[in-house]
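Tertiary structure, described
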2 protein chains.
Amino acid sequence: MAEIGQLAGVSQVTVSRALSSPGKVSPETLKRIEDAIARTGYVPNAVAGALASRKSNLIAALVPSVTNIVYASVLHAFSEIMWGHGYQIMLSETGLQPDREEKAIAALLSRRPDAILLTGVHHSAQARRMLLNAGIPVVEIWDMSDTPIDCCVGFSHSDAGRAAADFAVQWGYETAATITAGDDRALRRRDAFTSRFETVTRSKVQAMDFDVPATLGLGREAMAKLIELSLPPRSVVFCSSDQFAQGALVEAGVRGLTVPDDVAVIGFGDQEYAASSAPALTSVRIDRQVLGRTAAEALLTRFSEGPGAHLVKDIGFQIIRRQSA
Amino acid sequence: MAEIGQLAGVSQVTVSRALSSPGKVSPETLKRIEDAIARTGYVPNAVAGALASRKSNLIAALVPSVTNIVYASVLHAFSEIMWGHGYQIMLSETGLQPDREEKAIAALLSRRPDAILLTGVHHSAQARRMLLNAGIPVVEIWDMSDTPIDCCVGFSHSDAGRAAADFAVQWGYETAATITAGDDRALRRRDAFTSRFETVTRSKVQAMDFDVPATLGLGREAMAKLIELSLPPRSVVFCSSDQFAQGALVEAGVRGLTVPDDVAVIGFGDQEYAASSAPALTSVRIDRQVLGRTAAEALLTRFSEGPGAHLVKDIGFQIIRRQSA
DNA sequence: TCGCGAGATGTATGCGCATACATAGCTTAA
DNA sequence: TTAAGCTATGTATGCGCATACATCTCGCGA
């Protein structure tokens, strides 16, 4: 920056000003500085800037996995907005091991981000401590909490599970099974579904659980087992993701079962292909665009309005009825 | 850090040493320092560290889109390895507008990453200049180049397109169509496929192009149009992604066509569901795990061996024949 | 006994910026 | 005419660390 100043015949601070508030520099000086920058290919050192100003324009984000489209698309919507406001995103994945979260949080916080986005609302005591200590805005997404660290944008997974059960009962399904993978939130949906469905119908809900990420292949496997264990007529299968649901549909088709008459399927997430598959998939829709955007907006108002604004927003969900149930 | 030092009865440097090379401080001192850190919840300021040491332990990554599983999974494999070596990833998306790449590169470089990962090998002159200027290792992935900026890990898209055409000819398909979306690389595969197929069979290859990301729904639409335009028997459809291929399969099924006898489909990417769909999808496999890992390893050896090692690696591809073609 | 080397710790300094404060040259209204 | 105010720029300083170099304390062999 000092070098640019020399080239333009001004001091370092004038260059700094030219970059951060061009209005404060005379037009001629500004032009000379811009020329010098263009000539040298100078790129400001944001690290030094962040150290000096205690503002990094960085947002840290922690998601279970980027390869899960569901998390990726929320992240995408979130970063689009933050990027538009001059923020960059620093990403980390926690994967399946929750103990990685603590290390990841520490690593992210060491970069002194201006805010941090977390997936889920359950964090270790040490993690909460570090977050509080950091003194920056925090958004927790994908879930609701009675004790949010700061901002929180999501929906109730228990409500979603219960709503799916009510939906199934309402459309006359008398027995049910679940196919569930992974995280704590999927398990809460399953539990709420099962509990409600069993209470209302007095029938036992069969559970197929996996502790690896959901895939179409596993969905087929699970459905195959359920069919072999004899799935009574008027059965519905509640899946923790559309991937499983899609697999269940494929397996039912291959075995010559008619959907939804022989077996019905409810997915979760309402991914793009849900509407286009054959039969089209009934699914619980979470508006991921809205989720990401709302999280971004929560942070932005939190930035402008200070620590007073603890924004908590329930974005809800919606059961989209198509052909599969 | 100075505060921690006070608590532990040592100076700031000793704390610094305790964190970066614990072997250089006596066990008792180390313990007192660790206690103080645990008590206060201190998180080192990596920004200051990076400024002082000119080493950020940050890797910048630029991908077209995180919501495209194909890019996301490579990124995932890449970050797993880099994370294991103490590096963090800073991500940016270029989206569909290539002019965003320049801005994104500048923004990323301003954080002074230790290396940068780019998708594709075509960059503007200004972008190349900034990258060269930054003086850090660069890996370009997903493609091969005669003039790589530094390291390059990928495969030839033209070869892949030609191989698909040869495969189609070999299995007796006499006419072909393509469904293509998006990037420059998909277009090159399409062109190579078309050119080779037309040369060998002397039949015209019909092209369905989209300039939005591929989805199952669009694949169905494209297939519907192709069928309505009358697809002769012994036809094969070469898709730029498995999403399209899956959609084509669904549409063919809905219309009562038999795959591959009435129409055959070749996908690209060999995503997880390709093997599990019904009929199972024939697809060009790119080992995304290997791609990500190889890129990471290229950077790591580049770090240890200096600017001499311009690593270029062709990871190739493989046509996986299943039921759809 | 003395000196020497190794281990443990400390002092001084600067990384490249942003910020607070100071200054110089103008304009404007009383 | 002059003080006040405004614009454009400059000087000094410190953000929180890592690094080079200095210092001190031992233990050990000559």
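Bear in mind that the values here come from a model prediction, so they are computed numbers and not experimental data.

Here we take up the interface of chain A and chain B. Contacts between the two partners involve 53 residues from chain A, matched on the other side by 53 residues from chain B. Applying the counting criterion to the chain A and chain B interface returns 2 salt bridges. Among the salt bridges present, the one from A:Arg100 reaches B:Glu80, with a minimum N-O distance of 3.5 Å. Counting across the interface, chain A meets chain B through 29 residue pairs in polar contact (both at pLDDT 80 or more).

Further remarks concern the sheet that holds strand S6 (residues 175–181) of chain A. Residues and elements named next belong to chain A. Reading across from one edge, S7-S6-S8-S9-S10-S12 is the order of the 6 strands in this open sheet, with mixed pairing throughout. Of all the strands in the sheet, just strand S7 (206–210) and strand S12 (318–320) have a single pairing partner and so form its edges. Averaged over all neighbouring strand pairs, the angle between strand axes comes to 20°, with direction disregarded. For strand S8 (residues 235–239) and strand S9 (residues 263–269), the ladder comprises 4 bridges, and the chain directions are parallel. Across the sheet, residue Val-236 finds its bridge partner in S9, namely Ala-264.

Quick look at the sheet that holds strand S1 (residues 58–63) of chain B now. Strand order across the open sheet formed by 12 strands is S11(A)-S5(A)-S4(A)-S3(A)-S1(A)-S2(A)-S2(B)-S1(B)-S3(B)-S4(B)-S5(B)-S11(B), with mixed pairing between neighbours. Single-partner strands in this sheet number two, and they are strand S11 (312–314) of chain A together with strand S11 (312–314) of chain B. Pairs of neighbouring strands in the sheet enclose a mean axial angle of 20°, with direction left out of account. Along the sheet face, helix H6 (residues 99–109) of chain B touches strand S2 (88–93) of chain A together with S1, strand S2 (88–93) and strand S3 (115–119) of chain B and points at about 170° away from the line of S1(B).

Parameters and conventions
- Residues numbered from 1 in each chain as written.
- Chains lettered and ligands numbered in written order.
- Predicted model: local features only at pLDDT ≥ 70, side-chain atom pairs only at ≥ 80, totals over all residues.
- Heavy atoms only, no water.
- Contact = heavy atoms within 4.5 Å.
- Salt bridge = Lys/Arg side-chain N within 4 Å of Asp/Glu carboxyl O.
- Polar contact = N/O pair within 3.5 Å; in protein donor to acceptor, adjacent residues only side chain to side chain.
- Pairing = 2+ DSSP bridges.
- Helix = DSSP H or I, 4+ residues; strand = E, 2+ residues; numbered from the N terminus.
- Axes fitted to C-alpha atoms, helices over the stretch in contact; angles between N-to-C directions.

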